[in-house]
Amino acid sequence: MERIKNIRTKVELQEHGLENVHSTDFPGTYEGFDDAWDHNKFKKNFRIDVVRLAGDELEFDMVGIDAAIANAFRRILLSEVPTMAIEKVFIYNNTSIIQDEVLAHRLGLIPIKADPRMFEYRQEGETGLEGRETDTLEFQLKVRCTKNVNTKEATDPDELYRDHKATKRRKPVKHHAALPNSVRAIIIGPSGSVTTKHLKWIPIGNQSQIFKEGDIRPVHDDILIAKLRPGQEIDIKMHCVKGIGKDHAKFSPVATASYRLLPEITLTHQIEGELAKKLQRCFSPGVIEVDNINGKEYARVAHARRDTCSREVFRHDDLKDYVQLHKIRDHFIFSVESTGVLPPEVLVSEAIKVLKGKCRAFLHELKEVADM
Amino acid sequence: MTSAPVTKNLELISTGSDEDETCRTFIFRNEDHTLGNALRYIIMKNPDVQFCGYSVPHPSENKINFRIQTFGVPATEVLKKGLKDLNKVCDHVLQTFESSMRDYRSSNSLGAAMDTSDQG
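- Looking at an unreviewed UniProt entry, one finds chain B named DNA-directed RNA polymerases I and III subunit RPAC2, with Potamilus streckersoni as its source organism.
- Listed under Subcellular location (unreviewed entry) in UniProt, the entry text for chain B is "Nucleus".

- You'll find chain A entered in an unreviewed UniProt entry as DNA-directed RNA polymerases I and III subunit RPAC1, with Potamilus streckersoni given as the organism.
- Its UniProt record, at the heading Subcellular location (unreviewed entry), says of chain A: "Nucleus".
- According to the UniProt record, the Sequence similarities (unreviewed entry) comment for chain A reads "Belongs to the archaeal Rpo3/eukaryotic RPB3 RNA polymerase subunit family."

Take a look at the structure:
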């Protein structure tokens, strides 16, 4: 019975492979187990513990759910939670050394801080090249590089004019605000770095009433877009639209979204002395502690969670029969890192809503089919 | 081929002459393993189901074939139950996540407040 329980709930790590990898808890698989879906049973066992929320990073434990559903949330985070990204670039002038198409691609990858929930998907062909206030954000980049007449015999602009370098100057938002809405070009200093802080948001329609100046902007102000030399110029307009990562990776709202299963380490024998030290070295730092009791050293599993599951211990003949390694099949340690477009906890909520939306859409269509 | 019911993203493959309602293949358009595997799991949890599986027929075609065979109930009913169950799971996960997030925030701001009072 204990063995069957282990097969059902744990993945076993062995020297040369994994055992019991797949979920087998379906009706009819095991005698004496009721595996039919029971929502109340699920509610009783399911829990989420938030471990850490720091800036754009979130770590939480999702316990009591099958990999099929946890994996759906992970996959949706990567490719189906919408964000805004630059999709169309209108190039009026580009005399920099970076080619038009490469420049357009670089611009597309810039994370844009704008709440995608406030926008609709742009319907192609409906309004032509003109975007509407409900589905498009417009940005402008108009920069020109000029010679600095105060230089002496400089050969390396980066070295001699470090303080003038566009990336190093702070308070970029004020810099934006000071510029009038007209088409005056920003003059780039001698080092010629064009960065995301030079992107200027141009409100369409009533957008200026809905959003404040700081609401719509690139997430980071110091992403290098191009480098210019005196006389070179970039003059472009960009349209930013709503999209999903499935269509293009630039729309993906996460830097990473992944999970791992909670490791479980069992010492089947007492391990003492030098062997205890050796056991400690087989695992990640902090996993195994060695206690000194009455002058004798004993190994103890302190934090199995910190283990990377390297299975190093199975390479040592004097240790491998004393240790069992497992992973808990329904304990997911999620790690979500946002690109900064939305906070990570909002992304997870949105991902769950996307899966809900899929269920609802197909329930609706199933009803339609039945009515036919 | 007989005309099978089709909506925007869902299609029922006709079972042929004898119209056996317990076996059906559905085509889900614009879906992949994300919905396919989650739905397969929850439908397999249904004791009325004899078989449930899905396939992605071609990687560059954006659809999945979803097969359900039951011990007697109509396959469409099983699919409906599966979708409803999955929807309820999402509801509960969302609710739990948001309350856990609130708990984390309040316990953390409490901790931060205690830290400052310690310093004061």
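**Quick look at the pattern of salt bridges**
A side chain with one charge may pair with a side chain of the opposite charge, provided their charged atoms come close.
All names here are of chain A.
Here's step 1: Following the criterion strictly, the structure yields 30 salt bridges over all chains and no others.
Here's step 2: With a closest N to O distance of 3.6 Å, Arg-117 and Glu-350 form a salt bridge. Here the residue Arg-117 occupies a position in the loop between strand 6 (112-113) and strand 7 (136-145), and Glu-350 occupies one in helix 9 (residues 344-371), the gap between them amounting to 233 residues.

**Description of the confidence of the model for chain A**
Here's step 1: For chain A, mean pLDDT is 88; residues scoring 70 or higher make up 88% of the total.
Here's step 2: Within the model, the stretch residues 159-183 of chain A combines pLDDT values under 50 with 40 contacts to residues more than four positions away or in other chains.

**Brief notes about the pairing of strand 1 (residues 10-14) of chain A**
Side chains on a regular strand alternate between the two faces of the sheet.
All names here are of chain A.
Here's step 1: Taken together, the four bridges between strand 1 and strand 17 (residues 323-338) define a ladder with antiparallel strand orientation. Residue Val-11 lies in a different strand from strand 17, and its bridge partner there is Lys-327.
Here's step 2: With three bridges joining them, strand 1 and strand 2 (residues 17-19) adopt antiparallel strand pairing. In the sheet register, Leu-13 faces strand 2, and the bridge partner there is Leu-18.
Here's step 3: Where strand 1 folds back on strand 2, the antiparallel hairpin that results is connected by two residues.

**Notes on the packing of aromatic side chains**
The geometry of an aromatic ring pair is captured by two quantities: the separation of the ring centres and the angle between the planes.
Here's step 1: Per the stated rule, a full pass over the model turns up 13 aromatic pairs over all chains.
Here's step 2: Considering the side-chain rings of Trp-37 of chain A and Phe-42 of chain A, the 5.5 Å spacing of their centres and the 35° angle between planes classify their relative orientation as tilted. The same class applies to Trp-37 of chain A and to Phe-42 of chain A, which are both buried.
Here's step 3: Among the aromatic side chains, those forming a connected cluster through ring pairs are Phe-26, Trp-37, Phe-42 and Phe-46 of chain A together with Tyr-41 of chain B.
Here's step 4: Directly above the ring of Phe-33 of chain A sits Arg-8 of chain A, whose terminal nitrogen or CZ lies 3.9 Å from the centroid.
Here's step 5: Of note, Lys-242 of chain A hangs over the ring of Tyr-121 of chain A, and the distance from its end group to the ring centre comes to 4.9 Å.

**Looking at the interface of chain A and chain B**
Here's step 1: Every contact between the two is made by 46 residues of chain A and, on the other side, 46 residues of chain B.
Here's step 2: The largest contributions to the chain A side of the interface with chain B come from Trp-37, Phe-362 and Leu-366 of chain A, which together make up 17% of the buried area.
Here's step 3: For the interface between chain A and chain B, the tally reads five salt bridges.
Here's step 4: The tally of links from chain A across to chain B stands at 13 residue pairs in polar contact (both at pLDDT 80 or more).
Here's step 5: Mapped onto the side of chain A that touches chain B, the elements with two or more residues apiece are helix 2 (39-45), strand 3 (47-54), strand 4 (57-63), helix 3 (67-79) and helix 9 of chain A.
Here's step 6: For the side of chain A that touches chain B, the element with the most residues is helix 9 of chain A, which contributes 16 residues.

Rules behind the numbers
- Residues numbered from 1 in each chain as written.
- Chains lettered and ligands numbered in written order.
- Predicted model: local features only at pLDDT ≥ 70, side-chain atom pairs only at ≥ 80, totals over all residues.
- Heavy atoms only, no water.
- UniProt positions renumbered as here; feature names shortened; annotations may be inferred.
- Salt bridge = Lys/Arg side-chain N within 4 Å of Asp/Glu carboxyl O.
- Helix = DSSP H or I, 4+ residues; strand = E, 2+ residues; numbered from the N terminus.
- pLDDT = per-residue confidence, 0-100.
- Contact = heavy atoms within 4.5 Å.
- Pairing = 2+ DSSP bridges.
- Phe/Tyr/Trp six-rings, centres within 6.5 Å; stacked < 30°, edge-to-face > 60°.
- Buried < 20%, exposed > 50% of the residue type's maximum accessible area, 1.4 Å probe, protein only.
- Lys NZ or Arg CZ within 6 Å of the ring centre and 35° of its normal.
- Buried area = accessible area lost by both parts, 1.4 Å probe.
- Polar contact = N/O pair within 3.5 Å; in protein donor to acceptor, adjacent residues only side chain to side chain.

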